[in-house]
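# Coordinate inspection notes
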Amino acid sequence: MLKLPALAFVAACLSACSVAPAGETVHDPFEAHNREIHAFNKSFIEKIPRGNGDGPGLPPEIKNRIVGFADTVSLPGMVLNGIMQGDVEGVVTNGFRFLFNSTVGVLGMFDPATTMGLVEHETDFGETLAVWGIQEGAYLEVAFLGPTTERALAGRVVDAIIDPLKFVGHPKRLEYATIGSLAAGAVKLSDASDTIDSVLVDSADSYAMLRLLYLQNRRYELRTTLPEESFDPYEGIYGGQ
């Protein structure tokens, strides 16, 4: 029942994806509203207890298990996106990563696939849309989700709808997968506390800094631009979207 409204939302997002005026590298027609959301997100993040890079009171071994589990359950969706992108290498690599890590690796608690040289090809439906030629659209900041674009936001919704685990997994497993993903996000947020503080607290304009870093990193990931240096301090927290 929820799929039709969600698909309608995606269609509306894609049809509304605006094109940046010639010469503009940052397309932010909703800046006033985005800044309000940014202020909310910033205050929310600042209230979250954060450690010194060692996670929320958890030893590294436990953190690695949580993140590994979350990464493993996300692989079927990456395989599906790889198919839609025509990325044969990515499909094969991610497919075998899921096979090995979900069995020998005990649902991602261990990572034998990387030891075998199978390095994850991270992707999502936002990248699929880019491959299909859909424009990036305007920059957005969404409550709790953080920085994104019209295209990337539509991709997040589609990824949630078409996740293959929903069609083959037991409801209890899906619940565990959701909890694991949220826990992994909390771990990554804690680990990135120093970098987050440098952007949100130390920057003269944290909104402009976050927007620049996000767009640089996302475009680099999609190879729409190739800056010499670009990184996203929220990579892995916002899923690079």
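Further up the page is the structure itself.
Described below are features of the structure shown in this document. Note that this is a predicted model, so its numbers are computed, not measured.

## Quick look at the packing of helix α3 (residues 60–85) against helix α4 (residues 88–103)
- The interhelical angle for the contact between α3 and α4, taken along N-to-C directions, is 160°, at an axis separation of 9 Å. With respect to their mutual orientation, α3 and α4 come out roughly antiparallel. Judged by the twist between their axes, the crossing of α3 over α4 is left-handed. Where α3 approaches α4, its residues T72, L75, P76, M78, V79, G82 and I83 are matched on the opposing element by V91, N94, G95, R97, F98, N101 and S102.
- Along the lines of polarity and charge, the residues of the contact of α3 with α4 split into 7 nonpolar, 6 polar and 1 charged.

## What about the pattern of salt bridges?
- Evaluation of the coordinates by the stated rule reveals 8 salt bridges.
- Between R211 and D28 there is a salt bridge, with the nearest N and O atoms lying 2.8 Å from each other. A residue pair is termed long-range when its members are at least 10 positions apart, and R211 in helix α11 (residues 206–222) and D28 in the loop between α1 (3–16) and α2 (31–47) qualify at 183 residues. Taken as a pair, R211 and D28 share a single burial class, namely buried.

## Quick word on the packing of aromatic side chains
- Scanning the entire structure with this criterion turns up 6 aromatic pairs.
- Taking 5.2 Å as the distance between ring centres and 85° as the angle between the ring planes, the aromatic pair formed by F40 and F144 counts as edge-to-face. Of this pair, F40 sits in helix α2 while F144 sits in the loop between β1 (139–142) and β2 (146–149), placing them 104 residues apart in sequence.
- The partly exposed category is assigned to F40, whose relative accessible area is 37%.
- When the ring of F96 is compared with that of F100, the centres are 6.1 Å apart and the planes differ by 25°; the resulting orientation is stacked. Taken as a pair, F96 and F100 lie in helix α4 at a separation of 4 residues, close to a single helical turn.
- Looking at F96, the relative accessible area reads 39%, which means it is partly exposed.
- Here the aromatic cluster, defined as three or more aromatic residues joined through ring pairs, consists of F40, F44 and F144.

The rules behind these values
Residues numbered from 1 in each chain as written. Predicted model: local features only at pLDDT ≥ 70, side-chain atom pairs only at ≥ 80, totals over all residues. Heavy atoms only, no water. Axes fitted to C-alpha atoms, helices over the stretch in contact; angles between N-to-C directions. Helix = DSSP H or I, 4+ residues; strand = E, 2+ residues; numbered from the N terminus. Parallel < 35°, antiparallel > 145°, perpendicular 65-115°, else oblique. Left-handed = near helix turned anticlockwise from the far one by under 90°. Contact = heavy atoms within 4.5 Å. Nonpolar A, V, L, I, M, F, W, Y, C, P; charged D, E, K, R; others polar. Salt bridge = Lys/Arg side-chain N within 4 Å of Asp/Glu carboxyl O. Buried < 20%, exposed > 50% of the residue type's maximum accessible area, 1.4 Å probe, protein only. Phe/Tyr/Trp six-rings, centres within 6.5 Å; stacked < 30°, edge-to-face > 60°.

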